[in-house]
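Coordinate inspection notes
Here is how the chains run, residue by residue.
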4 protein chains.
Amino acid sequence: MSDSLKELTETVRVFVDERDWGAFQSPKNLALALCGEAGELAEQLQWLTQEQSRNPEPDRRQRIADECADVLVYLVRIADELGFDLVEAAKAKCLKNEKKYPVELVHGRLKRRDEYER
Amino acid sequence: MSDSLKELTETVRVFVDERDWGAFQSPKNLALALCGEAGELAEQLQWLTQEQSRNPEPDRRQRIADECADVLVYLVRIADELGFDLVEAAKAKCLKNEKKYPVELVHGRLKRRDEYER
Amino acid sequence: MSDSLKELTETVRVFVDERDWGAFQSPKNLALALCGEAGELAEQLQWLTQEQSRNPEPDRRQRIADECADVLVYLVRIADELGFDLVEAAKAKCLKNEKKYPVELVHGRLKRRDEYER
Amino acid sequence: MSDSLKELTETVRVFVDERDWGAFQSPKNLALALCGEAGELAEQLQWLTQEQSRNPEPDRRQRIADECADVLVYLVRIADELGFDLVEAAKAKCLKNEKKYPVELVHGRLKRRDEYER
């Protein structure tokens, strides 16, 4: 069985190469494009209540999935251009977060790290 | 061999559950958090030239990877909360884009779809 | 009495000129920087309830004001670099929105324009 | 002569009140909406070169101005909902930045504050 994210990375790279778009795909441009897609995701959720955001209607849910997909494509492109492994980076971050947010300090309360009382 | 993104999804879900953070993890909140991380990625690249963004110094490259990791974690959380497959959504989007941006129309020129001349 | 936003535009321009930062202040770079500050604003609000966001504690309120200030500074810079009047642009947009969202169609319901039923 | 930003604040407040949209206008929702508009601004600039972003074609320039206007409207709404003065906040931030980025340290080089060598 192959890895789904590696496959996607390959698919998207071929898509870009076929169109000769490599010159546009600097990490800087890709970051701007990613912010654009993050903004489109925000637009899908901005006026929903928390509950509506947890149980969106099918159309809305599909649009949210589509916008998440667009963000993922740009993430994959940045990682491919800079040659790092996206999932490894995320796992390393999770390990850091395990220490940064110890269960006994943060249980049931989610804040920015610098906002928990000492 | 297991799938790296499925593993990450599982790891992050356990992380959230152990901290009893489920109540905060509405797709709406997660989208705001994702915009926050997309913004941190932007900050890493904002003053670099295109060339510098392609060849960042090791420290910078690591910070870019870290911010991309943070965005991925929130994407994975949204998909997990709403029960869709992130990579499948991205593959479906790629298929749509194959039609939306036919090679003969867009070769060597990258624009928003509505900006190509007819 | 002078206009507060014109004064701010002038203050920020002098700040940039004194530091010889003009070469960095392309609208493209400024847009990335603005996305960074929008992300910092998002971070201040991401885990708050709606009610908490309406009545933040004094520290939080100050940080929200600070992040809004940062976004405004980059808006002002973009408008100054491209030579358009930010408030005039906003007033023109408001007039368009008056027509796009007629009171009788949208009263009490806020959606994206394409989501109101016909 | 009246102040342009105060006028805009008033105009936008009336617009919201006439539509009975107050219930949606929590700072949290407005921040998501602002991220959405920041993303639309990013989309206008993402594939342009630095030079193109400084000298956009008239259509593009108008769209950039429109997106900046949308961001400004949400900024003004957040400040109005939370009762702070946006321009005063920006001026206070400028004073802080005068000290944070002393001319002799940063002349001709723009970085994040923590990236200047000691």
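Here the structure is a predicted model, which means the values were calculated and not measured. Once a new chain begins, its residue numbering starts again from 1 and follows that chain's sequence as written. Starting at A for chains and at 1 for ligands, labels are handed out in the order in which the entities are written. Local features are withheld for residues below a pLDDT of 70 in this predicted model, meaning they are given only at 70 or higher, and side-chain atom pairs are given and counted only at 80 or more; totals for whole chains, interfaces and linings count all residues. Side-chain measures here rest on the full set of heavy atoms in the structure, leaving out hydrogens and waters.

**As for the interface of chain A and chain C**
- Contact residues are listed per partner, giving 14 residues for chain A and 14 residues for chain C.
- A 1.4 Å probe defines the accessible area here, and the buried area is the portion of it lost by two parts on being joined, summed over both. Together chain A and chain C conceal approximately 1300 Å² of surface at their shared face, both sides included; 54% is due to carbon and sulfur atoms.
- The salt bridge definition used is simple: a Lys or Arg side-chain nitrogen within 4 Å of an Asp or Glu carboxyl oxygen. Counting across the chain A and chain C interface gives six salt bridges.
- One salt bridge connects E115(C) with R63(A), and the closest N-O pair in it is separated by 3.4 Å.
- Two N or O atoms form a polar contact when they lie within 3.5 Å of each other; inside protein one atom must be a possible hydrogen donor and the other a possible acceptor, and for residues adjacent in sequence the pair counts only when both atoms belong to side chains. For the pair chain A and chain C, the number of links is eight residue pairs in polar contact (both at pLDDT 80 or more). Residues count as neighbours in contact if any of their non-hydrogen atoms are within 4.5 Å of one another.

**A word on the relation of the copies chain A and chain C**
- Each copy is superposed on the other by least squares, with the fit set by C-alpha atoms of residues at a pLDDT of at least 70 in both. With an RMSD of 0.0 Å, the fit of chain A onto chain C corresponds to turning through 180° and sliding 0.0 Å along the axis. Such a combination of turn and shift is consistent with a two-fold rotation axis. No C-alpha of chain A approaches the rotation axis more nearly than that of L32(A), which lies at 3.1 Å.
- Residue by residue, 100% of the interface of chain A is reproduced at the interface of chain C, so both copies engage with the same surface.

**Things to note about the side chain of E67(C)**
- As for its position among the elements, E67(C) is in helix 4 (residues 58-82).
- The cut-offs for exposure are 20% and 50% of the maximum accessible area for each residue type, with area from a 1.4 Å probe on protein chains only; residues under the lower value are buried, those over the upper are exposed, and the others partly exposed. Charge counting treats Lys and Arg as positive and Asp and Glu as negative, with His and both chain ends excluded. For the buried E67(C), which has no salt bridge, the nearest side chain bearing the opposite charge is K93(D), at an N-O separation of 5.1 Å.
- Those residues in contact with E67(C) that lie beyond four places of it in its chain are E37(C), E40(C), L41(C) and Q44(C). Helix numbers and strand numbers start at the N terminus; a helix is a DSSP run of H or I with at least 4 residues, a strand a run of E with at least 2.

**Some points on the nonpolar core**
- Here, nonpolar core refers to any group of buried Ala, Val, Leu, Ile, Met, Phe, Trp, Tyr and Cys residues whose side-chain atoms link them within 4.5 Å. Membership of the largest hydrophobic core comes to 168 residues, with the highest contact counts inside it found for L72(A), L72(B), L72(C) and L72(D).
- Ignoring sequence-local partners within four residues, the contact set of L72(A) consists of L5(A), L8(A), L72(B), L75(B), L86(B), V87(B) and A90(B).

**Remarks on the interface of chain A and chain B**
- Opposite the 70 residues of chain A that make contact, chain B presents 70 residues.
- Here chain A and chain B share an interface that buries about 6200 Å² over both sides, 64% of which is from carbon and sulfur atoms.
- Among the residues chain A hides against chain B, the three largest losses belong to K28(A), R54(A) and L82(A). Together they make up 10% of the total.
- At the junction of chain A and chain B, the tally comes to 10 salt bridges.
- With its nearest N and O atoms 3.8 Å apart, the salt bridge here joins R54(A) to E81(B).
- If you list the elements that add at least two residues to the side of chain A that touches chain B, you get helix 1 (4-18), helix 2 (27-45), helix 3 (50-54), helix 4 (58-82), helix 5 (86-100) and helix 6 (103-106) of chain A.
- Take the side of chain A that touches chain B: its biggest share by element is 14 residues, from helix 4 of chain A.

**Side note on the packing of helix 1 of chain A against helix 5 (residues 86-100) of chain B**
- The axes are straight lines fitted to the C-alpha atoms, using for helices just the contacting stretch, and the angles between their N-to-C directions are given from 0 to 180°. Helix 5 of chain B packs onto helix 1 of chain A with a crossing angle of 15° between their chain directions and a minimal axis gap of 10 Å. By the angle between their axes, helix 1 of chain A is roughly parallel relative to helix 5 of chain B. For helix 1 of chain A against helix 5 of chain B, the interelement crossing comes out left-handed. Between helix 1 of chain A, through S4(A), L5(A), E7(A), L8(A), T11(A), V12(A), F15(A) and E18(A), and helix 5 of chain B, the contact on the second element is made entirely by V87(B), A90(B), K91(B), C94(B), N97(B) and E98(B). Reported orientations rely on four angle classes, namely roughly parallel under 35 degrees, roughly antiparallel over 145, roughly perpendicular from 65 to 115, and oblique for the rest. Take the far helix as your reference; a near helix turned counterclockwise from it by less than a right angle gives a left-handed crossing, and one turned clockwise gives a right-handed crossing.

**A look at helix 4 (residues 58-82) of chain B**
- By definition here, a helix of n residues has an expected span of 1.5 Å times n minus one. Here helix 4 of chain B contains 25 residues, and its C-alpha end-to-end distance of 36 Å stays within 8% of the 36 Å for a straight helix at 1.5 Å per residue.
- The element helix 4 of chain B is extensively covered by neighbouring structure, given that 18 of its 25 residues are classed as buried.

**Things to note about the packing of helix 5 of chain A against helix 4 of chain B**
- Two elements in contact, helix 5 of chain A and helix 4 of chain B, have axes whose closest approach is 8 Å; the angle formed by their N-to-C orientations is 85°. The angle between helix 5 of chain A and helix 4 of chain B places the two elements in the roughly perpendicular class. Counting all contacts with helix 5 of chain A, which are made through L86(A), V87(A), A89(A), A90(A), K93(A), C94(A) and K96(A), the residues of helix 4 of chain B involved are A65(B), D66(B), C68(B), A69(B), D70(B), L72(B) and V73(B).
- Here the term charged refers only to Asp, Glu, Lys and Arg, the term nonpolar to Ala, Val, Leu, Ile, Met, Phe, Trp, Tyr, Cys and Pro, and the term polar to all other amino acids, Gly among them. Residue composition of the contact of helix 5 of chain A with helix 4 of chain B, grouped by class: 10 nonpolar, no polar and four charged.

By themselves, these observations are geometric and do not establish any function.
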